[in-house]
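Results of the structural survey
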Amino acid sequence: MLAPSSLLLLVAAAAGVAAEPVTEVVPARYVVIVGYNGGAPDARTPLRFADDDATRLFLQLAPSAERAWLLSTMDRETAKLFPDLSDVAREPTRRALAQSLGEAFWLMRQQKERGRATELIFAFAGHGDVNDAGEGYVVLADGPFARSDFTTQVLAASPADINHVIIDACSSYFMVRARGNESGRVELTPKLLDVLSDKDDAALRARTGVLVSTSSAAEVHESSELGAGVFSFLLRSALAGGADSDGDGRIEYAEAAGFVAAASAGLDDPRARLRVYADAPLQRPHSALADLAHSGADRFLAVDESGP
């Protein structure tokens, strides 16, 4: 719970009415968000809310970014909810993703030439799985986008000082961790998470943080009541300030993961209870996924849970 003095400082900074000028140089952020409801090649049932989750996260993160891209094919209900974005969103294809990333990387290099730090936020909501070679992939409109594609085309190609990766997909853990040469689909148990090792380039991993959802059923869990995927909904709540356990206005990886895991622990369906894997960038272990003072919001509501 935020102390009254902390809350006043947070509101003042966000509203631009601080007593003294803020001299902090905020990193230039670029946001690429992909959401696709379509099923995997094995004809898995399409999702309902991946497009909603991507769109809502885009709306939440875009105000604090230098530039943001949304790649999603909205269904009829989502297009009605967000009419201004249905024409802005690009198709969630490999080509559109490459174009969006190319634009983001070009803009980042310009910022770096000026001496400004840069960050990339890449988020995906949709279906995913593990292929017969044990490699994770997510599903785009024109087919699978494998972990090796993700590593080379997104992370290694990114000139950003820090990469933030958020994935809400079935078997999403295998998009950021190699599984070796085993084959077949598996459940993401705590024991499996403990024995997997990192095989990526050390320098790349040092500047990359990941936050992915897992569950005992290795599935995306959606809620009609929430109109969202459970992980995506809780993550947005975390980034909006719910996870700010120390009251400093910054949502770090551990805070976001702890909030999501704790909030899902009480779900009636045990298969939907999330095990969140969070790994902050090694060279910036306290990197913030969200900074409320630079979120674009000018008001914050504090709820006192202690009662009257």
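The final tally for this structure, using the stated rule, is nine salt bridges. Asp-161 is the salt-bridge partner of Lys-112, the closest N and O atoms lying 3.1 Å from each other. Linking Lys-112 in helix H5 (residues 94-113) with Asp-161 in the loop between helix H6 (147-155) and strand E7 (162-168), this pair joins segments that are 49 residues apart in sequence. Across the salt bridge formed by Glu-252 and Arg-250, the nearest N and O atoms sit 3.1 Å from each other. Arg-250 sits in the partly exposed class, given a relative accessible area of 25%. Among the charged side chains, a network of salt bridges with common partners joins Arg-67, Arg-90 and Glu-103.

Attention now moves to the pairing of strand E1 (residues 28-36). One face of the sheet, then the other: side chains in a regular strand alternate in exactly this way. Counted residue by residue, E1 has nine buried out of nine residues, so it is predominantly covered. Alternating positions in E1 separate into two faces, Ala-28, Tyr-30, Val-32, Val-34 and Tyr-36 on one and Arg-29, Val-31, Ile-33 and Gly-35 on the other, with burial throughout. Looking at chain direction, E1 and strand E3 (residues 118-126) are connected through nine bridges and run parallel. Of the residues in E3, the one forming a bridge with Val-31 is Ile-121. Bridge count between E1 and strand E2 (residues 67-72): six bridges; the pairing is parallel. Looking at E2, one finds that Val-34 is bridged to Leu-71.

Throughout the structure, instances matching the rule amount to three cavities of 30 Å³ or more. Size it by volume and the largest cavity reaches roughly 100 Å³. Looking at the largest cavity, it is lined by 14 residues, and the ones nearest its centre are Leu-57, Ala-123, Phe-124, Ala-125 and Ser-232. Elements that contribute at least two residues to the lining of the largest cavity include exactly E1, helix H2 (50-61), E3, E7 and helix H9 (230-242). Grouping the amino acids of the lining of the largest cavity by side-chain chemistry returns ten nonpolar, one polar and three charged.

Glancing now at the packing of H2 against H9. H9 packs onto H2 with a crossing angle of 10° between their chain directions and a minimal axis gap of 10 Å. Taken together, the axes of H2 and H9 are roughly parallel relative to one another. Contacts from Asp-53, Arg-56, Leu-57, Gln-60 and Leu-61 in H2 reach Ser-232, Arg-236, Leu-239 and Ala-240 in H9. In the contact of H2 with H9, the residues fall into four nonpolar, two polar and three charged.

Parameters and conventions
- Residues numbered from 1 in each chain as written.
- Predicted model: local features only at pLDDT ≥ 70, side-chain atom pairs only at ≥ 80, totals over all residues.
- Heavy atoms only, no water.
- Salt bridge = Lys/Arg side-chain N within 4 Å of Asp/Glu carboxyl O.
- Helix = DSSP H or I, 4+ residues; strand = E, 2+ residues; numbered from the N terminus.
- Buried < 20%, exposed > 50% of the residue type's maximum accessible area, 1.4 Å probe, protein only.
- Pairing = 2+ DSSP bridges.
- 1 Å grid on protein atoms, 1.4 Å probe; cavity = no way out; pocket = protein on both sides within 12 Å on 5 of 7 lines; lining within 4 Å.
- Points joined across faces, edges and corners; volume = space filled by probe spheres on them.
- Nonpolar A, V, L, I, M, F, W, Y, C, P; charged D, E, K, R; others polar.
- Axes fitted to C-alpha atoms, helices over the stretch in contact; angles between N-to-C directions.
- Parallel < 35°, antiparallel > 145°, perpendicular 65-115°, else oblique.
- Contact = heavy atoms within 4.5 Å.

Structural measurements only, silent on function.
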